[in-house]
Amino acid sequence: MSFSRRKFLSLAGVTAAGVTVVSPLETFYARVARGQARTGIGYGAIKPKLPVNYRELTSTVIGDLSRIPLLELPPGFNYTAISIVGQSMSDGNPVPGDHDGMATFVGPRGTTILVRNHELDPDENEFGNTSGVIAPPEKKYDQINAGGTTTLVVGPARRLVRDYASLAGTIRNCAGGPTPWGTWISCEETFNRGDVGVVRHGYNFEVPANAEIGLADPIPLKAMGRFSHEAVAVDPATGYIYETEDRGDSCFYRFVPAVGKPNAPGQLVQGGKLYALKVVDKPTLNTTNNPNSGGSIGLVPVGVPLKVEWVPIDNPDPDVEDKAQGLGVRYEAQSKGAAIFYRGEGAWYAKGLIYFVATQGGPPAVDSTRGNGQVWVYDPKAETITLLIEAEPSGEILDEPDNITVAPFGDLFLCEDGGGEQFVVGVDTKGELYQFARNAYNESEFAGACFSPDGQTLFVNIQSPGITFCIWGPLSADVLAERAKQALFEYSPIRGDKIYRKYRYGKHLELFLLDERSYRGSNTENSNPNGIEMLGQEQFEWLKKSLKASQATWKVISSDDPFSIVTGSTSDRDAWGQGSPEVLGREVQLSQLLQFIKNEGIKNVVVITADVHYAAAISYEPERAVFKDFNPFWEFVVGPIHAGAFGQNELDPSFGPKYEYVRAPQTETSQLPQNLPPPNLHSFGLAEVNSQGQLLVRIHDITGKVLYEKLLNPQS
């Protein structure tokens, strides 16, 4: 699959009836519904990159990897390649091949524990190793089978501390899922018998996430069902375990443990009850939207929640699967009306929702009778299921997503297992699809994507030949914001844990410093008539209460962003306004503030701000405004003293602004270029209040020369 084939996804989330899907992609759904969905740049263009530990990769069973870029990543990202097939593990055995599903757990002394599946068949030859996961006979579920799990302990520097076998004797351990009680459930993707037809397979197994070398007792969790398992996701609120099945006519299952809500390893062996999902009033709904798979094009609309219920499975551990006789878990489920999915694979829990993938669902691809993939979300509280993503037939979309994870900051990360080159594809909370990583070594699938418990490392495998990657970089704006906030508090000590605060200076002045970064909504076109958050409700109420209570002559509001200067692109407005005369987006909250100031009789309010890289003085008059219910006021803009000079920008007309003074590259007679370095056009502000309560505001250039001054007389 070439880069040129990749465009976007068919997604939606707001129906004509106004029903919204509550998920990390909420903003995205609204944008798609307005026809504004687009491919994003994500973290930037991906380029080939050597692993940081390339010097350690000169001698592997694959060959010398020290000079080969194994991944393509965005700028600022790095990775290590660890626990490669054939390398010697800490237990003395070779690393098995076919790396697949994984999850992370908190380890001791700042380490991360990874439990990793190996999707191996009996006697599969991986660079001379036909034994797969090696273990003593008493610790193998089936003596001739090669599958199982290994456990990795990874240090803070993303280097391997130790790795060892942790489950052995199983078949085709594809994916699985972590539990809140600190274990990994490993799933067999098979219904076969092993060991010359004696031992039954097709089960889940529980593996404790231990930092020390040791093998789990290979106990099949038979009550969870015998079928071609793929992945599980645990709802921590209930302890219910949701299971996918990798078959062309698979079902989606819920397992209710007999112990109620498990809280320790080993409790699942006590059994429980298995159920299958059924769409209410749509018995045996074929969700594929594909006539070749028994569905119909468009039968299940994207973005429309469907009410569901659960039908019980009476025989979760059948001897055989036979559709004609109705024998087997999925055939029993479908006889009771359970919905049908095409190859249920990856599953993940996040923020109260269960996401799962139907790898070849969707309308027929142009080069196949099968689809290019679907992503579904189940809402346990609402008891609904929603088709979120459906690949288009042209192949200009995702190519058969398999494993899925949800980043701590809300993005979906999808591992491709399709034809040609393979990507890890992200879908961000602004609704943009982006390529995060490409397998630059070969065309093997990505598998096992998961984030470290602190959210700062993405772990992922390429299945063949079998390499685990630890990727880090500026993964999350939230992480960067927390670091910036920590730096702010360290370098500018602030009393308390809030950035917004106020200071009183004598009789005549009180300063209100706002925080317009911590609580704001996403940067969009800023045109929602119902408003977009800027201050957050708590800060907004604090500001109104503080302004009303202030006895100072002048109330000076220090705003991160100008009230009317328009900044950002048309789809990425990052200040209060957007250029429309209507009061939209963040201006809704601003209009409420200005109206409150007028209604409460609060006088002598002045705004100071920066952000836009040029100096200005702006007056606001109701007679010039679209929104007129406010008192006139002034805003003074300065800066920067250490970055490039830009501007000037247009003013949003909503509150009647007018430039009374402006100094920017475009205002100079010589029409200076943008992004001028210091000392060109750089400025700072100084305000003084005298004993009579007059406020004198000056704008200076970088040498201290007064460029503009305004004397304001207080209203009594």
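Please read these numbers as outputs of a predicted model, since none were measured by experiment.

A.B. asks: Kindly report on the sheet that holds strand E37 (residues 657-663), identifying the contributing residues and their values.
C.D. replies: Strand order in the open sheet made by the seven strands is E31-E32-E33-E34-E36-E35-E37, with mixed pairing throughout. Two strands close off the open sheet at either side, each with one partner strand: strand E31 (501-505) and E37. Averaged over all neighbouring strand pairs, the angle between strand axes comes to 20 degrees, with direction disregarded. In this structure, strand E34 (residues 605-609) lies alongside strand E36 (residues 633-637), joined through four bridges in parallel fashion. Opposite Val606, over in E36, you have Trp634 as the bridge partner. The sheet strands contacting helix H4 (residues 537-549) are E31, strand E32 (509-513) and strand E33 (554-559), and the helix crosses E32 at an angle near 180 degrees.

A.B. asks: Tell me about helix H5 (residues 587-599), residues and numbers included.
C.D. replies: Its 13 residues give H5 an end-to-end C-alpha distance of 18 Å, which sits within 8% of 18 Å, the value for a rise of 1.5 Å per residue. Residues of H5 that are buried include every one of Glu587, Val588, Gln589, Leu590, Ser591, Leu593, Leu594, Phe596 and Ile597, and no others. Here the buried face of H5 lies against H4, E34 and E36. Of the residues one or two after H5, Gly601 is the one with positive phi, at around 70 degrees.

A.B. asks: Account for the sheet that holds strand E11 (residues 183-188), with residues named and values stated.
C.D. replies: Two pairing modes exist for strands in a sheet, parallel and antiparallel, and in both the strands are linked by backbone hydrogen bonds. Here three strands make up an open sheet; going across it, the order is E10-E11-E14 and the pairing antiparallel. Both outer strands of the open sheet, strand E10 (173-178) and strand E14 (204-208), are each paired with one neighbouring strand and no more. Here the strands of the sheet are splayed against their neighbours by 30 degrees on average, with no regard to which way each runs. Alignment of E10 against E11, held across four bridges, turns out to be antiparallel. Each bridged residue has a counterpart across the sheet, and for Asn173 the counterpart in E11 is Glu188.

A.B. asks: Talk me through the side chain of Arg158; I want residue IDs and the actual numbers.
C.D. replies: Structurally, Arg158 is set in the loop between strand E8 (147-154) and strand E9 (160-170). Here Arg158 occupies a buried position and makes no salt bridge, while the nearest side chain of opposite charge, Asp454, is found at 6.2 Å. Ignoring any residue separated from it by four or fewer positions in sequence, one finds Arg158 in contact with Thr80, Ile82, Gln456, Thr457, Cys470 and Trp472.

A.B. asks: Before we move on, can you summarise unusual backbone geometry with the specific residues and values?
C.D. replies: In this model, Ser464 is joined to Pro465 through a cis peptide bond whose omega is 10 degrees. Following the sequence through the fold, Pro465 ends up in the loop between strand E29 (458-462) and strand E30 (467-472). Put simply, Gly647 and Gln648 share a cis peptide bond, and its omega is 10 degrees. Positionally, Gln648 belongs in the loop between E36 and E37. Look at Asp281: it is not a glycine, yet its phi comes out positive at around 65 degrees. Structurally, the position occupied by Asp281 is in the loop between strand E18 (272-279) and strand E19 (306-312).

The rules behind the values
Counting from 1, residues in each chain are numbered in the order their sequence is written. Local features are withheld for residues below a pLDDT of 70 in this predicted model, meaning they are given only at 70 or higher, and side-chain atom pairs are given and counted only at 80 or more; totals for whole chains, interfaces and linings count all residues. Note: side-chain values were computed over all heavy atoms of the structure, leaving out hydrogens and water. One bridge is not enough; two strands pair if DSSP finds at least two bridges between them. A run of H or I in DSSP becomes a helix once it reaches four residues, and a run of E becomes a strand once it reaches two; helices and strands are each numbered from the N terminus. Note on definitions: angles span 0 to 180 degrees between N-to-C directions of axes, and those axes are lines fitted to C-alpha atoms, for helices only across the stretch in contact. Residues are treated as being in contact if the distance between any of their heavy atoms lies within 4.5 Å. The span you would expect from a helix comes to 1.5 Å times its residue count less one. For the exposure calls, accessible area comes from a 1.4 Å probe over protein chains only, and a residue counts as buried if that area is under 20% of its type's maximum, exposed if over 50%, partly exposed in between. This count recognises Lys and Arg as positive and Asp and Glu as negative, with His and chain-terminal groups excluded. For salt bridges, the criterion is a side-chain nitrogen of Lys or Arg within 4 Å of an Asp or Glu carboxyl oxygen.

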